[in-house]
Amino acid sequence: MIISWDEYFMGIALFSKYRSKDPHTQVGACIVNEDKHIVGVGYNGMPNGCSDAEFPWGSTGEFGDKKYAYVVHAELNAILNASTSLKGCRIYTSLFPCNECCKAIIQSGIKEVIYLSDKYAATDSTRASKRMFAAAGVHYRRLETDIEELPVNFVLPKGEREG
Ligand SMILES: Nc1nc(=O)n([C@H]2C[C@H](O)[C@@H](COP(=O)(O)O)O2)cc1CO
Ligand SMILES: [Zn+2]
């Protein structure tokens, strides 16, 4: 099988999301520059020093008891992890960016957003994102692909195994 560039970079975003400890929604993001070099990746997780085991992953109760107060979104983590200027870059994200990440995407100079899921399309946050992206000239599109699943084998075929 041969995959396209878009499928490859979204694949990296999807792979990254499996690092997230969020029990409900794992999100991954991958930023690519104009030379098709990956310059940043991220997933949704607690800030450095804020233990995954100690901070809450639930989404009910008081403000301070919910993950939303603490978690860094995949897209923001990818931006903050980036090794270089993001001017003219593209961001691949497994879930459409929220309004806060949208602001960071715009301000960082990213020019295109490629997403897979838009499961929160009906929320005010996603509506605000789309409004800001349109005003700022940041193009967004859903990844078009015929691939349903891309298996990765960690168990080597018999002939390639050691011993
Ligand atoms: N674009 C996004 N990137 C993200 O990294 N997230 C994160 C924040 C939470 O950790 C989780 C959403 O939790 P939930 O509301 O589906 O249980 O995904 C959420 C969105 C949605 O806008
Ligand atoms: Zn966000």
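Quick caveat, the model's predicted, so the values are computed rather than measured.

### A word on the site of ligand 1
Alright, step 1. Near ligand 1 lie 17 residues; those nearest to it are Asp22, Thr25, Lys67, Tyr68 and Tyr120.
Alright, step 2. Between an oxygen atom of ligand 1 and a side-chain N or O atom of His24, the distance comes to 2.7 Å.
Alright, step 3. Backbone polar atom of Ala74 to an oxygen atom of ligand 1: 3.0 Å apart, as the coordinates give it.
Alright, step 4. Burial of ligand 1 by the protein amounts to 93% of the accessible area it has alone, namely 500 Å².
Alright, step 5. If you map ligand 1 onto the pockets, it falls in the second largest pocket.

### Considering the UniProt feature "active site" (unreviewed entry) in the protein
Alright, step 1. This chain's UniProt record puts "active site" (unreviewed entry) on Glu75.
Alright, step 2. Within the element layout of this structure, Glu75 appears in helix 2 (residues 74–81).
Alright, step 3. In contact with Glu75, other than residues within four places in its own chain, are Val27, Ala29, Ile91, Thr93, Leu95, Phe96, Pro97, Cys98, Cys101 and Ile105.

### Overview of the environment of Gly42
Alright, step 1. With respect to the secondary-structure elements, Gly42 resides in strand 2 (residues 38–43).
Alright, step 2. With a relative accessible area of 4%, Gly42 lands in the buried category.
Alright, step 3. With near-sequence residues (within four places) excluded, Gly42 lies in contact with Ser16, Val27, Gly28, Ala29, Ala74, Asn77, Ala78 and Asn81.

### Section: the UniProt feature "binding site: Zn(2+)" (unreviewed entry) in the protein
Alright, step 1. Those places that UniProt annotates as "binding site: Zn(2+)" (unreviewed entry) correspond, in this numbering, to His73, Cys98 and Cys101. Maximum C-alpha separation among the annotated residues is 8.7 Å over a sequence range of 29 residues, consistent with a single clustered spot. Lining the second largest pocket, from this annotated set, are His73 and Cys98.
Alright, step 2. Structurally, His73 is set in the loop between strand 2 and helix 2.
Alright, step 3. Accessibility expressed as a relative area gives 31% for His73, which makes it partly exposed.
Alright, step 4. When near neighbours in sequence (up to four residues on either side) are disregarded, His73 contacts Tyr43, Asn44, Cys98 and Cys101.
Alright, step 5. Here Cys98 is to be found in the loop between strand 3 (90–95) and helix 3 (99–108).
Alright, step 6. Apart from residues no more than four positions distant in its own chain, Cys98 is found in contact with His73, Glu75, Ser125 and Ser129.

Basis of the calculations
- Residues numbered from 1 in each chain as written.
- Chains lettered and ligands numbered in written order.
- Predicted model: local features only at pLDDT ≥ 70, side-chain atom pairs only at ≥ 80, totals over all residues.
- Heavy atoms only, no water.
- Near = heavy atom within 4 Å.
- Polar contact = N/O pair within 3.5 Å; in protein donor to acceptor, adjacent residues only side chain to side chain.
- Areas by Shrake-Rupley, 256 points an atom, 1.4 Å probe, with all protein chains shown as cover.
- 1 Å grid on protein atoms, 1.4 Å probe; cavity = no way out; pocket = protein on both sides within 12 Å on 5 of 7 lines; lining within 4 Å.
- Sits in = over half its atoms within 2 Å of the grid points.
- UniProt positions renumbered as here; feature names shortened; annotations may be inferred.
- Helix = DSSP H or I, 4+ residues; strand = E, 2+ residues; numbered from the N terminus.
- Contact = heavy atoms within 4.5 Å.
- Buried < 20%, exposed > 50% of the residue type's maximum accessible area, 1.4 Å probe, protein only.

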